[in-house]
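Breakdown of the fold
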Amino acid sequence: MAYRILTINPGSTSTKLGCFEGEKELFTMNVSHDAEDLKKFATISDQLPYRKDMILNALKEANIDLSTIDAFVGRGGGLMAVEGGTYTINDIALDHARRGANGIQHPAQLGPQIARGFADEYQKPSFIVNAPDTDELCLEARITGIKGVYRNVHLHALNLKETAIRHSNNNGWNYEDKNYVVCHIGGGISVSAHQKGKMIDGFDIVGGEGPMAPTRCGSIPAAELIRYCFAHDDMKEVLALTTKTGGFVSHLGTSDALDVSNRANAGDKDAKLVWDAMIYQLIKCISAMAGVLHGKVDGILLGGGMVHNKELVSRITAACEWIAPVSAYPGEFELEAMAAGAIRVLEGKEQVKEYTGKPVWTPDQLD
Ligand SMILES: Nc1ncnc2c1ncn2[C@@H]1O[C@H](COP(=O)(O)OP(=O)(O)OP(=O)(O)O)[C@@H](O)[C@H]1O
Ligand SMILES: CCCC(=O)O
């Protein structure tokens, strides 16, 4: 019989839930949280009881009996850099998610906490699949032009890898045999290079790299940014440009990309320039990742909410199809990807990994 999996993906103002039996979706649900309610909590982990109660109520309304679930999966977060794959939520992973051990506060770190809580209660396994902390960078990608400063990536690893796996399956290929440039173009934008099943390079979208995105500034010339810091007192506000107040929010006061593209099409010059600049930067970043793969690219894959926009897809396709065929996968497969990862290990098709808490790479490995 097919395994029944509950997947939990906490975002900034909602928690997405999915229940799957094998590949079959039994239900998905988006439980909204009032932004004012969330503001009352000092840390992300303080939100746990509040979010858990809302999830339990939603599951009750949907008649989902948690005792029928075979495994619980939470979106990762707060973990030290890990190789991609499916990990048991052991005590170290739980502790790191609770306290955001990697120094980044992200709602996704509630995923392992909620999943492990349910798993303990019902004596079932719990997993994390391709956490945002996935780091498979080649050594050269880690080195910057400042000694002692290294690149640590955080990106939409879950959706990027699932998109690449699905594209491979659709074509009768193995992800492990192919090279792709994979993008997630949504609230945040991730652009990454995948070489034979490993994400060997990508832009750090939590650290202010890559194309500008609805809420993120993307890459900025270093000296301009330093001058900007000198001209501003509040470094917390400056830092927020990398994940909350940059990109469309900084230029246009909205994070709604659909609104920006509509305004651009209706003749709003400011919106058009920002929309065009984002697409320009996307094309530039895709081409950079193709270079990293020496041009040996089997496909350029586009996922995320903005990929519903046909104009964006056709402009990227026109600019990049000289590199490789461009395929669009609008939206995201995050809930399905978490279930699929758990099922692969439960069926013995993939080896489950043990989180050790030691990052995959530290600068002392250079010595
Ligand atoms: N047809 C469209 N044209 C332009 N933008 C669109 C279109 N449809 C959806 N979007 C935009 O996609 C964005 C949402 O994408 P998505 O759902 O992937 O984001 P998210 O889940 O909030 O964040 P993230 O993708 O970073 O996890 C919104 O800004 C929305 O306006
Ligand atoms: C780290 C990838 C997810 C995000 O920042 O939204």
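Residues numbered from 1 in each chain as written. Chains lettered and ligands numbered in written order. Predicted model: local features only at pLDDT ≥ 70, side-chain atom pairs only at ≥ 80, totals over all residues. Heavy atoms only, no water.

So, the sheet that holds strand 3 (residues 24–32)
Which entries qualify depends on this criterion: Strands are treated as partners if at least two bridges between them are detected by DSSP. Segments assigned H or I by DSSP are reported as helices when at least four residues long, segments assigned E as strands when at least two residues long, and all are numbered from the N terminus. Throughout, a residue-residue contact means that at least one pair of heavy atoms, one from each residue, lies within 4.5 Å. Angles run from 0 to 180 degrees between N-to-C directions of axes, and those axes are lines fitted to C-alpha atoms, restricted for helices to the stretch in contact.
The strand order 3-2-1-4-6-5-12 describes an open sheet built from seven strands, whose pairing is mixed. Two strands close off the open sheet at either side, each with one partner strand: strand 3 and strand 12 (353–354). Bridge count between strand 1 (residues 4–10) and strand 4 (residues 71–74): four bridges; the pairing is parallel. Opposite Ile8, over in strand 4, you have Gly74 as the bridge partner. Where helix 4 (residues 110–122) meets the sheet, its contacts fall on strand 1, strand 4 and strand 6 (126–129), and the angle it forms with strand 4 comes to roughly 165 degrees.

Thoughts on the sheet that holds strand 10 (residues 299–304)
If you walk across this open sheet you meet the five strands as 9-8-7-10-11, and the pairing is mixed. Edge strands, defined here as strands with exactly one partner in the open sheet, are strand 9 (198–202) and strand 11 (326–330). Going across the sheet, the axis of each strand differs from the next one's by a mean of 25 degrees, ignoring polarity. Pairing analysis gives seven bridges linking strand 7 (residues 179–185) to strand 8 (residues 189–195), with the strands arranged antiparallel. What sits directly across from His184, in strand 8, is Ser190. Against the sheet, helix 6 (residues 157–170) engages strand 7, strand 8, strand 9, strand 10 and strand 11, with an angle of about 130 degrees to strand 7. Lying over the sheet, helix 11 (residues 269–292) contacts strand 7, strand 8, strand 9 and strand 10, oriented at roughly 15 degrees with respect to strand 8.

As for helix 3 (residues 91–99)
Stated formally: Relative accessibility under 20% of the residue-type maximum defines a buried residue, over 50% an exposed one, and the middle range a partly exposed one, all with a 1.4 Å probe and only protein chains included. Throughout, the arc means the angular range of directions from the helix axis out to the C-beta atoms. Polar contact is defined as a pair of N or O atoms within 3.5 Å, subject to the rule that within protein one atom must be able to donate a hydrogen and the other to accept it, and that residues adjacent in sequence are counted only when both atoms are side-chain atoms.
Of all the residues in helix 3, the buried ones are Ala93, Leu94, His96 and Ala97. Looking straight down helix 3, one finds its buried side chains confined to an arc of 165 degrees; they lie on one side. Residues of helix 3 that are buried in the fold lie against strand 5 (86–88), helix 4 and strand 6. At the N-terminal end of helix 3, a side-chain oxygen is found 3.2 Å from the backbone nitrogen of Ile92, two or three residues along, and the residue is Asn90. Of the residues trailing helix 3, Gly100 is marked for its positive phi of about 60 degrees.

Describing the nonpolar core
Short version of the rule: Note on terminology: a nonpolar core comprises buried Ala, Val, Leu, Ile, Met, Phe, Trp, Tyr and Cys residues joined through side-chain atoms within 4.5 Å.
Residues Ile185, Val191, Trp275, Met278, Ile300, Leu302 and Ile316 are the most contacted members of the largest nonpolar core, which totals 39 residues. Of all the secondary structure elements, the ones that give two or more residues to this core are strand 7, strand 8, helix 9 (247–252), helix 10 (257–265), helix 11, strand 10 and helix 12 (310–320). No other element matches helix 11, which puts eleven residues into this core. Within the second largest apolar cluster, 28 residues are counted, among which are Leu59, Ile64, Val82 and Phe118.

A word on the site of ligand 2
Note the threshold: Residue proximity to a molecule or strand is established when one non-hydrogen atom of the residue lies within 4 Å of it. Note on areas: these come from Shrake-Rupley sampling with a 1.4 Å probe, and a residue is covered only by the protein chains present in the view. Any residue outside Ala, Val, Leu, Ile, Met, Phe, Trp, Tyr, Cys, Pro, Asp, Glu, Lys and Arg is labelled polar, Gly included; the first ten of those are nonpolar and the last four are charged.
Surrounding ligand 2, one finds Arg75, His106, Pro132, His154, Leu155, His156, Val206 and Arg216. His106 places a side-chain nitrogen or oxygen 3.3 Å from an oxygen atom of ligand 2. Contact between ligand 2 and Arg216: an oxygen atom at 3.0 Å from a side-chain N or O atom of the residue. Relative to its unbound accessible area of 220 Å², ligand 2 is 90% covered by the protein chains. Considering only residue class, the shell around ligand 2 consists of three nonpolar, three polar and two charged.

Re the environment of His184
One can find His184 in strand 7. In the structure, His184 is positioned 145 residues away from Tyr329 in sequence and 9.3 Å away in space, judged by C-alpha atoms. Not counting residues within four places of it along the chain, the set of residues in contact with His184 comprises His156, Asn159, Leu160, Ile189, Ser190, Gly303, Gly304 and Glu332. Within polar-contact distance, the side chain of His184 engages the side chain of Asn159 at 3.0 Å.

A few points about a nonpolar patch on the surface
Condition: Put simply, a patch holds well-exposed residues, over 30% relative accessible area, that have no salt bridge, with like charges counted together within 9 Å and Val, Leu, Ile, Met, Phe, Trp or Tyr side chains within 5 Å. Whenever a carboxyl oxygen of Asp or Glu lies within 4 Å of a side-chain nitrogen of Lys or Arg, that contact is scored as a salt bridge.
On the surface, Leu139, Ile143 and Leu366 cluster together into a nonpolar patch covering about 240 Å² of accessible area. Relative to the helices and strands, Ile143 resides in the loop between helix 5 (139–142) and helix 6.

Observations regarding the domain arrangement of the chain
The following threshold applies: Where each domain starts and ends follows an automatic or database-derived domain assignment. Buried area is a sum: the accessible area each of two parts loses on coming together, probed at 1.4 Å, counted once for each and added.
Parsing the chain into structural domains produces domain 1 (4–135 + 335–366) and domain 2 (157–331). Here the C-alpha centre of domain 2 lies 25 Å away from the C-alpha centre of domain 1. Contacts between the two partners involve twelve residues from domain 1, matched on the other side by nine residues from domain 2. For the pairing of domain 1 and domain 2, the buried interface totals around 880 Å² over both sides, and the portion due to carbon and sulfur atoms is 66%. Considering only the side of domain 1, the residues that lose the most area to domain 2 are Asn130, Thr134 and Ala337, jointly responsible for 42% of the buried surface there. Viewed at the interface, domain 2 and domain 1 are joined by one salt bridge. For Lys198, the salt bridge identified is with Glu83, shortest N-O distance 3.1 Å. The tally of links between domain 1 and domain 2 comes to two residue pairs in polar contact (both at pLDDT 80 or more). When residues of the side of domain 1 that touches domain 2 are assigned to their parent elements, the largest contribution, five residues, is made by helix 13 (residues 334–346). Partitioned by chemical class, the residues of the side of domain 1 that touches domain 2 number six nonpolar, two polar and four charged.

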